[in-house]
Amino acid sequence: MKKTASVAEFTKQFGPITNDLAPGESVQVTSYGKVHGRYVREGMPRRRRKFDLGKRLAQEEYGAEAGQQLVDAILSEV
Amino acid sequence: MTHYLDLGFLLCLVTKASGSPLAWEAVRTLPQPLPLTTLQALQVENGLRKRMLGPDPKLQAVAARAWGLWQFYLREMVFALTLAPWDAAFALARSWNERTPEEPPTSSFLLHPAIAASCGCTHFLSFQPESRALAAAAGMTLLPVKL
């Protein structure tokens, strides 16, 4: 990931440059080759350990058919 | 927020359903917590509570399990609430509603891709064809890639 951007790059490509930043990560913004400032991404801290959603859900004892009925019932009302 | 999970997709992460394996695969590499807006949370919680307190015992049991998992994921910061530019999202949903040449999707299926677009999301995670079409037209990458 690019950690340095010129003022022109930063203003014209704000989304592509900043969207992939994790909370707390930063980009150095340079003007005429010198560091002008630093943009730090706000946001929530990451979990230290990722949770395996699939493994947890696979432990459920009901069948996928019953679960799909629930999903369909909820979606039919929104 | 770069990835937006709509209601049906989110439900497949807390309920064992036919779309669940695809949903797990799509979020497997994403950083946690997965950010959610209050609308997503409200729709999941309202849908589950309605079934938990509804007349069908089978749905009651599945909804109760899903509710427990949902609460657990919130506590463990697998999901976390974030802010959204609501005025811009609703304005975009209204404009899509007026512009569709055919019968428009229901408001919820308009609103989810509109929120995602207003938040600047790059990816839209959904199994809903109407919402996926709007998200794709707004320039977002769809996950899963094919239904």
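Here, the structure is the one placed above.
These numbers were taken from a predicted model, which means no experiment stands behind them.

A. Looking closely at helix α3 (residues 38–52) of chain B. Here α3 of chain B spans 21 Å end to end across 15 residues, near enough to the 21 Å set by a 1.5 Å rise per residue. The set of residues buried in α3 of chain B consists of L39, Q40, A41, Q43, V44, G47, L48 and R51 of chain B.

B. Spatial organisation of the packing of α3 of chain B against helix α6 (residues 107–118) of chain B. Residues and elements named next belong to chain B. Viewed as axis vectors pointing N to C, α3 and α6 meet at an angle of 145°, and their least axial separation amounts to 11 Å. Facing α3, whose interface residues are L39, Q40 and Q43, α6 presents S108, L111, H112 and I115. Split by residue class, the contact of α3 with α6 holds three nonpolar, four polar and no charged.

C. Representation of the side chain of E60 of chain A within the structure. Looking at the secondary structure, you find E60 of chain A in the loop between α3 (53–58) and α4 (64–75). Classification of E60 of chain A as buried rests on a relative accessible area of 4%. Reaching out from E60 of chain A, the side chain makes a polar contact with the side chain of R56 of chain A at a distance of 3.4 Å. At 2.7 Å, the side chain of E60 of chain A forms a polar contact with the side chain of R65 of chain B. What E60 of chain A contacts, discounting residues up to four positions off in sequence, is K16, R65 and L69 of chain B.

D. Structural view of the interface of chain A and chain B. Taken together, the contacts link 29 residues of chain A with 48 residues of chain B. Summed over both partners, the interface of chain A with chain B comes to about 3400 Å²; 66% of that surface belongs to carbon and sulfur atoms. Between the two partners, chain A and chain B, sit three salt bridges. Between E77 of chain A and K50 of chain B there is a salt bridge, with its nearest N and O atoms 3.7 Å apart. Taken together, the connections running from chain A to chain B amount to ten residue pairs in polar contact (both at pLDDT 80 or more). Contributions of two or more residues to the side of chain A that touches chain B are made by α3 and α4 of chain A. When residues in the side of chain A that touches chain B are grouped by element, the largest group, ten residues, is from α4 of chain A.

E. How the structure looks around the packing of α4 of chain A against helix α1 (residues 7–14) of chain B. Look at α4 of chain A against α1 of chain B: their axes get within 10 Å of each other, and the N-to-C directions meet at 155°. Judged on the interaxial angle alone, α1 of chain B and α4 of chain A are roughly antiparallel. The crossing of α4 of chain A and α1 of chain B is right-handed. Only L7, G8 and L11 of chain B of α1 of chain B make contact with α4 of chain A, whose side of the interface consists of V71, I74 and L75 of chain A.

F. Seen up close, the side chain of Q43 of chain B. One can find Q43 of chain B in helix α3. Those residues in contact with Q43 of chain B that lie beyond four places of it in its chain are V78 of chain A together with L7, S108 and H112 of chain B.

G. Broad picture of the packing of aromatic side chains. This structure, assessed with the given rule, holds eleven aromatic pairs over all chains. Between F72 of chain B and Y73 of chain B, the ring centres sit 6.0 Å apart and the planes meet at 45°, which makes this aromatic pair tilted. For Y73 of chain B, a relative accessible area of 0% puts it in the buried group. Lying over the aromatic face of Y62 of chain A, K16 of chain B brings its terminal NZ or CZ to 5.8 Å of the ring centre.

Reading guide: rules and limits
- Residues numbered from 1 in each chain as written.
- Chains lettered and ligands numbered in written order.
- Predicted model: local features only at pLDDT ≥ 70, side-chain atom pairs only at ≥ 80, totals over all residues.
- Heavy atoms only, no water.
- Helix = DSSP H or I, 4+ residues; strand = E, 2+ residues; numbered from the N terminus.
- Expected span 1.5 Å × (residues − 1).
- Buried < 20%, exposed > 50% of the residue type's maximum accessible area, 1.4 Å probe, protein only.
- Axes fitted to C-alpha atoms, helices over the stretch in contact; angles between N-to-C directions.
- Contact = heavy atoms within 4.5 Å.
- Nonpolar A, V, L, I, M, F, W, Y, C, P; charged D, E, K, R; others polar.
- Polar contact = N/O pair within 3.5 Å; in protein donor to acceptor, adjacent residues only side chain to side chain.
- Buried area = accessible area lost by both parts, 1.4 Å probe.
- Salt bridge = Lys/Arg side-chain N within 4 Å of Asp/Glu carboxyl O.
- Parallel < 35°, antiparallel > 145°, perpendicular 65-115°, else oblique.
- Left-handed = near helix turned anticlockwise from the far one by under 90°.
- Phe/Tyr/Trp six-rings, centres within 6.5 Å; stacked < 30°, edge-to-face > 60°.
- Lys NZ or Arg CZ within 6 Å of the ring centre and 35° of its normal.

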